[in-house]
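Here's the letter readout for the chains.
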Amino acid sequence: MARAVPDPRQRAAALTNLAVEVAIGPGDVAEAERIVNSVTYEDHVIRHGRDFAVRVLAEQLVTVNAREAERIASTIRADTERDEAFGNMARTLATTKKRTAKQLIERIGNAPVKERLLHDLTNGRL
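Residues numbered from 1 in each chain as written. Predicted model: local features only at pLDDT ≥ 70, side-chain atom pairs only at ≥ 80, totals over all residues. Heavy atoms only, no water.

Draft legend 1. Summary view of the overall build of the protein. Scanning the protein for helices and strands turns up seven helices and zero strands. In the protein, the succession of α and β elements from N to C terminus is α-α-α-α-α-α-α. Computed over C-alpha atoms, the radius of gyration of the protein comes to 15 Å, within 12% of the 14 Å expected from 2.2 N^0.38 for 126 residues, which places it in the range of a compact globule. Along the first, second and third principal axes, the C-alpha set of the protein runs to 50 × 35 × 20 Å. (Helix = DSSP H or I, 4+ residues; strand = E, 2+ residues; numbered from the N terminus. Rg over C-alpha atoms; globule rule 2.2 N^0.38 Å.)

Draft legend 2. Summary view of the environment of Val36. By secondary structure assignment, the location of Val36 is in helix H2 (residues 29-37). Looking at Val36, the relative accessible area reads 1%, which means it is buried. Between the alpha carbons of Val36 and Arg77 there is a distance of 13 Å; along the sequence they are 41 residues apart. (Buried < 20%, exposed > 50% of the residue type's maximum accessible area, 1.4 Å probe, protein only.)

Draft legend 3. The arrangement of the side chain of Glu81 in detail. Counting through the fold element by element, Glu81 comes out in helix H5 (residues 79-93). A residue is classified by how much of its surface remains accessible, and Glu81, at 14% relative accessible area, is buried. Apart from residues no more than four positions distant in its own chain, Glu81 is found in contact with Asp51, Phe52, Arg55 and Ile76. (Contact = heavy atoms within 4.5 Å.)

Draft legend 4. Seen up close, the pattern of salt bridges. Per the stated rule, a full pass over the model turns up 10 salt bridges. Arg50 serves as the salt-bridge partner of Asp51, at 2.8 Å between the closest nitrogen and oxygen. Residue classification places Arg50 among the buried positions, given a relative accessible area of 12%. Among the ionic pairs, Asp120 bridges to Arg125, the shortest N-O distance being 3.4 Å. The class for Arg125 is exposed, based on a relative accessible area of 54%. Salt bridges sharing partners connect three or more residues here, namely Arg55, Glu59, Glu81 and Glu84. (Salt bridge = Lys/Arg side-chain N within 4 Å of Asp/Glu carboxyl O.)

Draft legend 5. Spatial organisation of the packing of helix H3 (residues 49-61) against H5. One can describe the packing of H3 onto H5 by two numbers: an axis separation of 9 Å at closest approach and a directional angle of 10°. Considering their axes alone, H3 and H5 lie roughly parallel with respect to each other. With respect to the hand of their crossing, H3 and H5 are arranged in right-handed fashion. Together, Asp51, Phe52, Arg55, Ala58 and Glu59 of H3 and Glu81, Glu84, Ala85, Asn88 and Met89 of H5 make up the contact between the two elements. Here the contact of H3 with H5 is built from residues that sort into four nonpolar, one polar and five charged. (Axes fitted to C-alpha atoms, helices over the stretch in contact; angles between N-to-C directions. Parallel < 35°, antiparallel > 145°, perpendicular 65-115°, else oblique. Left-handed = near helix turned anticlockwise from the far one by under 90°. Nonpolar A, V, L, I, M, F, W, Y, C, P; charged D, E, K, R; others polar.)

Draft legend 6. The arrangement of the packing of H2 against H3 in detail. In the contact formed by H2 and H3, the axes pass within 8 Å of each other and the chain directions differ by 150°. Our classification of the angle between H2 and H3 gives roughly antiparallel. Here Val29, Ala32, Glu33, Val36 and Asn37 of H2 lie close against H3, whose contacting residues are Arg50, Ala53, Val54, Leu57 and Leu61.

The following block contains the structure:
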């Protein structure tokens, strides 16, 4: 049904929402990945539609299955999107799973961002 939406931006959003529902509801992560990999939308705001959809899926999945979310986020091609995904997932887990949050921060490629997040995590401000 999401593919039937005529507006490309709304179709991309519908596909992303469907993937999140499939991954969290029935727990079919492979099907959710297939759905987000089919997103091809790009405009002046969203430069990497597939990467953005994968990032949203990973960020939503992290509380349910952090290991799968980390694996999914590592498939993001654009460095900035990937770093943002790992940072946001670490922020989500900072209060409940500090070790996992630290592992996610270690995957960030941008050194200043990584150091700031590690500092904030250590001081309890993440």
